Amino acid sequence: MSSHGNAASVNDPRQPSAAKPYVAPMVSPQDLPVDYSGFIAVIFGIAGVMFRYKLSSWLAIVFCAQSLVNMRNVENDLKQISMAMMFAIMGLVTNYFGPARPGAQS
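Attention in this report is confined to the structure presented alongside it. (Residues numbered from 1 in each chain as written. Predicted model: local features only at pLDDT ≥ 70, side-chain atom pairs only at ≥ 80, totals over all residues. Heavy atoms only, no water.)

**Overview of the overall build of the protein**
We count it as follows: In this text, helices come from DSSP runs of H or I with a minimum length of four residues, and strands from runs of E with a minimum of two, each type numbered from the N-terminal end. Only protein chains enter the accessibility calculation, which uses a 1.4 Å probe; a residue whose area is less than 20% of its type maximum is buried, one above 50% is exposed, and one in between is partly exposed. Contacts: residue pairs with any heavy atoms within 4.5 Å of one another. All accessible areas in this document rest on Shrake-Rupley with a 1.4 Å probe, and a residue is counted as covered only by the protein chains that are shown.
Within the protein, the regular secondary structure consists of four helices and zero strands. Going through the 106 residues of the protein one by one, you find that 21% of them count as buried. Long-range contacts, defined as pairs at least 24 residues apart, comprise 69% of the intrachain contacts of the protein with a sequence gap of at least 6. Looking at the protein as shown, the accessible area adds up to about 8,500 Å², and 66% of this sits on carbon and sulfur atoms.

**Considering the environment of Gly 45**
Relative to the elements of secondary structure, Gly 45 occurs in helix α2 (residues 36-50). Among the residues examined, Gly 45 registers a relative accessible area of 0% and is labelled buried. Here the alpha-carbon distance between Gly 45 and Leu 59, two residues 14 residues apart in the chain, equals 8.0 Å. Among residues more than four places away in sequence, those in contact with Gly 45 are Ala 60, Phe 87 and Ala 88.

**As for the layout of surface pockets**
The condition that has to hold: Space inside and on the surface of the protein is sampled on a 1 Å grid over the protein atoms alone, with a cavity defined as a set of points where a 1.4 Å probe fits but cannot get out and a pocket as an open set with protein on both sides within 12 Å along at least 5 of 7 lines; lining residues have an atom within 4 Å of a point. Grid points are joined across faces, edges and corners, and a volume is the space filled by probe spheres set on the points.
Reported here for the largest pocket is a volume of approximately 270 Å³. Take the lining of the largest pocket: its biggest share by element is three residues, from helix α4 (residues 74-97).

**Here we look at a nonpolar patch on the surface**
Convention followed: Each patch is built from residues lacking any salt bridge and having more than 30% relative accessible area; the joining distance is 9 Å for like charges and 5 Å for nonpolar side chains (Val, Leu, Ile, Met, Phe, Trp, Tyr). Note on definitions: salt bridges are taken to be side-chain nitrogens of Lys or Arg within 4 Å of carboxyl oxygens of Asp or Glu.
Residues Val 34, Tyr 36, Phe 39, Ile 40 and Ile 43 make up a contiguous nonpolar surface patch of roughly 510 Å² in combined accessible area. For Phe 39, the position within the fold is in helix α2. Taking relative accessible area as the criterion, Phe 39 reaches 46% and is therefore assigned partly exposed.

**Focus: the packing of helix α3 (residues 54-69) against α4**
The following threshold applies: Only C-alpha atoms enter the line fits that serve as axes; for helices the fit covers just the stretch in contact. Angles between N-to-C directions range over 0 to 180 degrees. Reported orientations rely on four angle classes, namely roughly parallel under 35 degrees, roughly antiparallel over 145, roughly perpendicular from 65 to 115, and oblique for the rest. Left-handed describes a crossing whose near helix is turned anticlockwise from the far helix through less than a right angle; right-handed describes the clockwise counterpart. For this classification, Asp, Glu, Lys and Arg are treated as charged, while Ala, Val, Leu, Ile, Met, Phe, Trp, Tyr, Cys and Pro are nonpolar and the rest, including Gly, are polar.
Interhelical geometry of α3 versus α4 gives an angle of 155° and a closest axis separation of 9 Å. Classified by the angle between their axes, α3 and α4 sit roughly antiparallel to one another. Considering only the axes of α3 and α4, their crossing is left-handed. Only Ile 81, Ala 84, Met 85, Ala 88, Ile 89, Gly 91, Leu 92, Asn 95 and Tyr 96 of α4 make contact with α3, whose side of the interface consists of Lys 54, Ser 57, Trp 58, Ala 60, Ile 61, Cys 64, Ser 67 and Leu 68. Of the residues in the contact of α3 with α4, the class split is twelve nonpolar, four polar and one charged.

**Comments concerning the packing of aromatic side chains**
We count it as follows: Each aromatic pair joins two rings of Phe, Tyr and Trp (for Trp, the six-membered one) with centres within 6.5 Å, and gets the label stacked for planes under 30 degrees apart, edge-to-face for over 60, and tilted for any other angle.
Tallying each qualifying case throughout the model produces two aromatic pairs. Between the aromatic rings of Phe 51 and Tyr 53, the centroid separation amounts to 5.9 Å while the plane-to-plane angle is 35°, which identifies the pairing as tilted.

**Describing the environment of Pro 33**
Mapped onto the elements of the fold, Pro 33 is located in the loop between α1 (4-10) and α2. Residues Pro 33 and Arg 72, 39 residues apart in the sequence, show an inter-C-alpha distance of 9.4 Å.

Here you go:
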């Protein structure tokens with residue numbers, strides 16, 4: 001066995017009494033990074049409504065949930081998420097309960 005552990009603790013230059021806990025700097029809401037999942041949810045929601053793609057509307061729901069979980073700025077992000085969720089729900093309602101698409105086989 002070696003005494004490597006004891007030698008390291010005797011010659012340790014760190015000072016535990018001088019250690020300070022990390023404090024994250026305050027970031028203004030304008031400087032926060034863009035919420036890409038919220039933006040993608042809006043795009044998929046609009047595509048689901050306009051082009052009547054079921055998959056697009058379902059993907060909008062998934063990206064809305066992801067954006068909701070990772071929300072940083074409540075005021076701005078909640079507006080974007082609610083808009084994307086409305087588009088996704090409108091797309092699902094028109095796809096499943098609306099009239100059939102022209103040329104679609106039943």
